[in-house]
Structure formats: C-alpha cells, structure tokens
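A look at the structure
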Amino acid sequence: MDGNSADAGDYRAQVGSRFRNPPSLGRLPRPRTPNEAEDEDQRNWNLHNIILSDCCRRLSWPLSGGAASLARLMSTQADSFVVAIDGPAGAGKSTAARGLARRLGYTFLDSGALYRAGAWAARRRDIAWSDGRALGQLTYNLDIRFDNRDGASHIVVDGEDVSEEIRRPEISEGASQVSAFAEVRAGLLALQRRIGASGRVVAEGRDMGTVVFPDARAKFFLTAPIEERARRRTLELAASGRPQNFDVVLAEMQLRDQRDSTRAIAPLRRAENAIEIDTADLSPDEVVARMATIVRERGG
Ligand code: DC
C-alpha cells in the first residue's frame, strides 16, 4: 500500500489483494485454493480489526472512524521509514537485516525474538504452547524490551535478559507453535507497530511486509533452498556451542516451514511488492549492499 488508505474499506481491499496473489515460494507448500484464500483474507481482516479496536480502546478513541484514522496515522508518520524483510528460517534474514540497520543507522526490529520471548515466558509460567487464550493474555501484558548495548541487541523479558535462552532449539519450536495463534499475534502486533512508527526501522520476520507494515517503503523477501538454509543453521548451532546433526536440523526446518507458511493467520508469504533475493550464492555483505541501494533509491 504505497498511498494512504482513504478508509477501512480500502485498507481491507489492499491488504486482501496482497493475500490473494501470493507469488511463488520456491519449495514451500502448494498455493492456496480460492476458498482457502478467501478464508485467510477474512481471518487476517478479523485480526486487523482486533488490533485496531484494541488500539482505539487504548487511545480512548471512538471506534467509528477510528480504525480508518488509525490506519492512516500509522502509515503517514512523517519521519518513519520502515524496511520490511521477510523469509523462511535460515535464509539469512537476521544477518542481512542487522547489517542493513547498522549500515543505514536504523533501528533493528527482530520480530521473531518477540514470539520466542512469548514461548519462553509461557514455559516459565507453565502455560501450554497450545493454549491460545492464555498465551494471548500473556503476550498482551508481557514486559518485553530491546536493549542495545555492547554492540549487541539484547532482549529483556520481565527484567531478565533472555537473549541466549530464546535461541535454544526447543524455544524455536515453541515460538513456531505460539505464533500460530491470532491472540498471540494481536498481543504482539501493536508493540511492533509502535516500534515501526518510532522512526527509521529495519523490521525482520515472516509477516512484516504483508500484515505488520503493509505500507513499508521497501520490502524484501529473502530465500534460499532448504538444504542450504539447514546447512547454515547447523553451522550456527555448532558455533554457538549447541551442535546438532544436519538431518535433524533439516527435518525441524521442514516442519517449521510447513507450519509457518500454512497457518491460518498471517502465514509466511511474500508481499506482492516485495523484492525477492535468493541468498544462496551471495555473501551477507552483497545482500546488504543490494538492499541498501534500493532503500537509498527510495529516499531512505
Ligand atoms: O525468525 P525466528 O526463527 O526467530 O522466528 C521464530 C518463530 O516465530 C518462527 O517459527 C515463526 C515465528 N514468527 C512469526 O510467526 N512471525 C514473525 N514476524 C516472526 C517470527
């Protein structure tokens, strides 16, 4: 959505059209049937309404007209410039997004860390990763902060630095499970949008360009063949002292790809106007350079 929505109807049409025209996802699962696409649009629209109503309530705005005004407000922050980067696990998003944010002097938003934080906090409180209602309440009220110090970005939940803990393989699995619930996504979405509205942001995740920041000024979809992604993840795990067998990593990645891209709410999908970059044969610096050129061309 490059322009500003005149009303909520336009907003719906524009969000809907993106979901109706999914581009190719390489090796990811089959395209949706028209019925599935309709259902998904409806669920995504419901999710938008939950979020917009919630924001209106928090701002004490009457809902009539409020949703449209809020959608407009969110898309027209004068000095905000969001770069949205999406793609499957292991495509090099984090490295590229961090590198791009550093190069441009932008804030880095790691949205996956929020879902990981939710899964971590649920485990801490003995809330099952299958209990959508309880998870929704938890994430809605969770005290999550990003703390940039010592040249690294730390994530602090309830005052505890969980940056390391949330990278554990079981939390990856939990994050994938909890992120499938609309309640959890609604609980974390307002927070992500507040960060996006705060200035110049590189936001990385699965639905940055499709749902969270449909108005992002530049959108990228990073991908690579799954064997390459699993190979990278295996190396990363070994480097961080948690070695795992390649076949296990590959199988877990296939499962997460499947779940992330077929879930009913905000599935992993390339935004219609996102630029796809296959990172298999590119160095992280080359990926960052490509994206930086495009961002600069667009005035970022
Ligand atoms: O990017 P990551 O591996 O840290 O993400 C962890 C999980 O969170 C992943 O399985 C999908 C989910 N996620 C999501 O649903 N939406 C996002 N914007 C980011 C991550």
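Refer to the preceding data block for the structure.
**Here we look at helix H11 (residues 246–262)**
Owing to its 3.6 residues per turn, the α-helix brings residues three or four apart onto one side. A rise of 1.5 Å per residue sets the reference length of H11, with its 17 residues, at 24 Å; its end C-alpha atoms lie 24 Å apart and thus fit the reference within 8%. When H11 is considered as a whole, its buried residues turn out to be Val-249, Leu-250, Met-253, Arg-256, Asp-257, Asp-260 and Ser-261. Buried residues of H11, seen end-on, are gathered within an arc of 130 degrees and therefore sit on one face of the element. Near the N-terminus of H11, the side chain that reaches the backbone nitrogen of Asp-247, with its oxygen 2.7 Å away, is that of Asn-245.

**Considering the site of the ligand**
The immediate surroundings of the ligand are formed by 16 residues, with Arg-116, Arg-185, Arg-206, Arg-256 and Arg-263 found nearest. Contacts to the ligand include Arg-263, whose side-chain N or O atom sits 2.8 Å from an oxygen atom. In isolation the ligand has 440 Å² of accessible area, and contact with the protein removes 97% of it. Elements supplying a minimum of two residues to the shell around the ligand: helix H5 (111–124), helix H7 (169–178) and H11. Sort the elements by how many residues they give to the shell around the ligand and H5 lands first, with four residues.

**Focus on the sheet that holds strand E4 (residues 152–157)**
What the three strands build is an open sheet, ordered E3-E4-E5; its pairing is antiparallel. Where the open sheet ends on each side, the last strands, each with one partner, are strand E3 (144–149) and strand E5 (160–161). One ladder, built from two bridges, connects E4 with E5; its direction is antiparallel. Paired with Val-156 across the bridge in E5 is Asp-161.

**A look at the sheet that holds strand E7 (residues 218–223)**
Within the open sheet, the five strands sit side by side as E2-E6-E1-E7-E8. Their pairing is parallel. Every other strand in the sheet has two partners, leaving strand E2 (107–110) and strand E8 (275–278) as the edge strands with one partner each. On average, adjacent strands in this sheet sit at an angle of 20 degrees to one another, irrespective of strand direction. As judged from the six bridges shared by strand E1 (residues 81–86) and strand E6 (residues 200–205), these two strands associate in the parallel manner. Bridge assignment links Phe-81 to a residue of E6, and that residue is Arg-200. Against the sheet, helix H12 (residues 284–297) contacts E1, E7 and E8, and its axis sits at roughly 160 degrees relative to E7.

**Observations regarding the nonpolar core**
One finds Ile-155, Val-157 and Phe-213 to be the most contacted residues of the largest nonpolar core, which totals 38 residues. Of all elements in the fold, only E1, H5, helix H6 (132–141), E4, H7, helix H8 (182–197), E6 and helix H9 (208–212) reach the threshold of two or more residues within this core. Sorting elements by how many residues they give to this core places H5 first, with eight residues. Not counting residues within four places of it along the chain, the set of residues in contact with Val-157 comprises Ala-117, Trp-120, Ala-121, Leu-142, Asp-143 and Val-162.

**Points about the pairing of E6**
The buried fraction of E6 is high, at five of six residues. Taken together, the four bridges between E2 and E6 define a ladder with parallel strand orientation. Residue pairing in the sheet places Phe-108 in a bridge with Val-202 of E6.

**A short note on the pairing of E1**
Sheet faces and side chains relate simply in a regular strand, where the side chains alternate between the two faces. Among the six residues of E1, six are classified as buried, and the element is accordingly described as predominantly covered. Burial of the side chains of E1 extends over both faces: Phe-81, Val-83 and Ile-85 are buried on one face and Val-82, Ala-84 and Asp-86 on the other. With four bridges connecting them, E1 and E7 associate as parallel partners. Paired with Asp-86 across the two strands is Phe-221, which belongs to E7.

**Observations concerning the pattern of salt bridges**
Going through the model one piece at a time under the given rule, you end up with 14 salt bridges. With a closest N to O distance of 3.7 Å, Arg-206 and Asp-260 form a salt bridge. Pair noted here: Arg-206 is in the loop between E6 and H9 and Asp-260 is in helix H11, with a separation of 54 residues, a long-range link. The class for Arg-206 is buried, based on a relative accessible area of 15%.

Calculation notes
- Residues numbered from 1 in each chain as written.
- Predicted model: local features only at pLDDT ≥ 70, side-chain atom pairs only at ≥ 80, totals over all residues.
- Heavy atoms only, no water.
- Helix = DSSP H or I, 4+ residues; strand = E, 2+ residues; numbered from the N terminus.
- Expected span 1.5 Å × (residues − 1).
- Buried < 20%, exposed > 50% of the residue type's maximum accessible area, 1.4 Å probe, protein only.
- Arc of directions from axis to C-beta.
- Polar contact = N/O pair within 3.5 Å; in protein donor to acceptor, adjacent residues only side chain to side chain.
- Near = heavy atom within 4 Å.
- Areas by Shrake-Rupley, 256 points an atom, 1.4 Å probe, with all protein chains shown as cover.
- Pairing = 2+ DSSP bridges.
- Axes fitted to C-alpha atoms, helices over the stretch in contact; angles between N-to-C directions.
- Contact = heavy atoms within 4.5 Å.
- Core = buried A, V, L, I, M, F, W, Y, C linked by side-chain atoms within 4.5 Å.
- Salt bridge = Lys/Arg side-chain N within 4 Å of Asp/Glu carboxyl O.

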